Amino acid sequence: MLDLLFLSISVFIVYLAYVLFNIKFVPISISDTYYQLDNIGKPKWLFQLCMFLIGAFLLPCWLNVSPENIQFLSFLSCGGLFFISVAPAFKLPLEGPVHYVSAYFSGGCSILWVLWVGLWYIPVILLLIVLPFIFWGYKKQAAFLLELVAILSVFISLLTMYY
């Protein structure tokens, strides 16, 4: 199971590094990278593939360590990632609502799960690191930074629980 967690983390890191290296600026959200890749002539389906793979690799190992009474949160969080991957065009009238609801569910359930398992200090520490950036120069990228907090909180929490 730990291999799947490392695969999920690796896909996330490689995708983020690839996008940031190619677009050369911090996007307004992770979902915005779908459009930014298209703007620079790179395949935008990479966003869809990566969101799906992150969720697919993450779900089994997340369910494995989740207490039974809150497994639904990990399922809903990864399910949100799956919906994000099939409805990536958040600017379109049909896909937009699906994308936004899925993103909120995914992020919200992620943070709730981390809080519920008692690792509340992980998102708090990450927020303390991110908030100065938001207040001093990255206001437009607040969604991107908060998404990073949610995703990294899950990755760090799962690593903590496995080790």
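Quick note: structure is the one above.
The notes below deal with the structure included here. (Residues numbered from 1 in each chain as written. Predicted model: local features only at pLDDT ≥ 70, side-chain atom pairs only at ≥ 80, totals over all residues. Heavy atoms only, no water.)

**Some points on the overall build of the protein chain**
- In terms of helices and strands, the protein chain carries seven helices and zero strands.
- Each helix (α) and strand (β) of the protein chain, taken in turn from the N terminus, gives the series α-α-α-α-α-α-α.
- In terms of C-alpha radius of gyration, the protein chain reaches 15 Å, essentially the compact-globule figure of 15 Å for 163 residues.
- Burial statistics for the protein chain: of 163 residues in total, 44% are counted as buried.
- A separation of at least 24 residues holds for 66% of the contacts in the protein chain among residues at least 6 apart in sequence.
- Per element, the accessible surface of the protein chain, about 8,600 Å² overall, is 75% carbon and sulfur.
- Here the protein chain contributes 6 positively and 6 negatively charged side chains, and the mean placements of these two sets differ by 17 Å. (Helix = DSSP H or I, 4+ residues; strand = E, 2+ residues; numbered from the N terminus. Rg over C-alpha atoms; globule rule 2.2 N^0.38 Å. Buried < 20%, exposed > 50% of the residue type's maximum accessible area, 1.4 Å probe, protein only. Contact = heavy atoms within 4.5 Å. Areas by Shrake-Rupley, 256 points an atom, 1.4 Å probe, with all protein chains shown as cover. Lys, Arg positive; Asp, Glu negative; His and termini not counted. Charge placed at Lys NZ, Arg CZ, Asp CG, Glu CD.)

**Here's the deal with the layout of surface pockets**
- The calculated volume of the largest pocket comes to roughly 600 Å³.
- Every residue lining the largest pocket is counted, 30 residues in all, and those nearest its centre are Ile 84, Ala 103, Tyr 104, Gly 107 and Glu 147.
- Elements with a contribution of two residues or more to the lining of the largest pocket: helix 3 (45-65), helix 4 (71-86), helix 5 (95-116) and helix 7 (142-162).
- Considering each element in turn, the lining of the largest pocket owes the most residues, nine residues, to helix 5.
- Here the lining of the largest pocket is composed, by residue class, of 21 nonpolar, eight polar and one charged. (1 Å grid on protein atoms, 1.4 Å probe; cavity = no way out; pocket = protein on both sides within 12 Å on 5 of 7 lines; lining within 4 Å. Points joined across faces, edges and corners; volume = space filled by probe spheres on them. Nonpolar A, V, L, I, M, F, W, Y, C, P; charged D, E, K, R; others polar.)

**Some remarks on the pattern of salt bridges**
- All chains considered together, the criterion is met by one salt bridge.
- A salt bridge links Lys 44 to Asp 38; the nearest nitrogen and oxygen atoms lie 4.0 Å apart. (Salt bridge = Lys/Arg side-chain N within 4 Å of Asp/Glu carboxyl O.)

**Some words on the nonpolar core**
- Counting 45 residues, the largest nonpolar core has Leu 58, Trp 113 and Leu 158 as the members making the most contacts within it.
- When residues of this core are traced back to their parent elements, those giving at least two are helix 1 (2-23), helix 2 (33-39), helix 3, helix 4, helix 5, helix 6 (121-135) and helix 7. (Core = buried A, V, L, I, M, F, W, Y, C linked by side-chain atoms within 4.5 Å.)

**Thoughts on the state of the cysteines**
- Under the definition given, this model contains zero disulfides.
- Here Cys 50 is not cross-linked by a disulfide; its sulfur's nearest cysteine counterpart is in Cys 78, at 15 Å.
- As a non-bridged cysteine, Cys 109 has Cys 78 as the owner of its nearest cysteine sulfur, 10 Å distant. (Disulfide = S-S within 2.5 Å.)

**Things to note about helix 6**
- Compared with an ideal rise of 1.5 Å per residue, which puts 15 residues at 21 Å, helix 6 spans 21 Å between its outermost C-alpha atoms and is within 8% of the ideal.
- All buried positions along helix 6 are accounted for by Ile 122, Pro 123, Leu 126, Val 130 and Ile 134.
- Along its buried surface, helix 6 packs onto helix 5 and helix 7.
- Positive backbone phi, approximately 120°, marks Gly 137, located one or two places after helix 6. (Expected span 1.5 Å × (residues − 1).)

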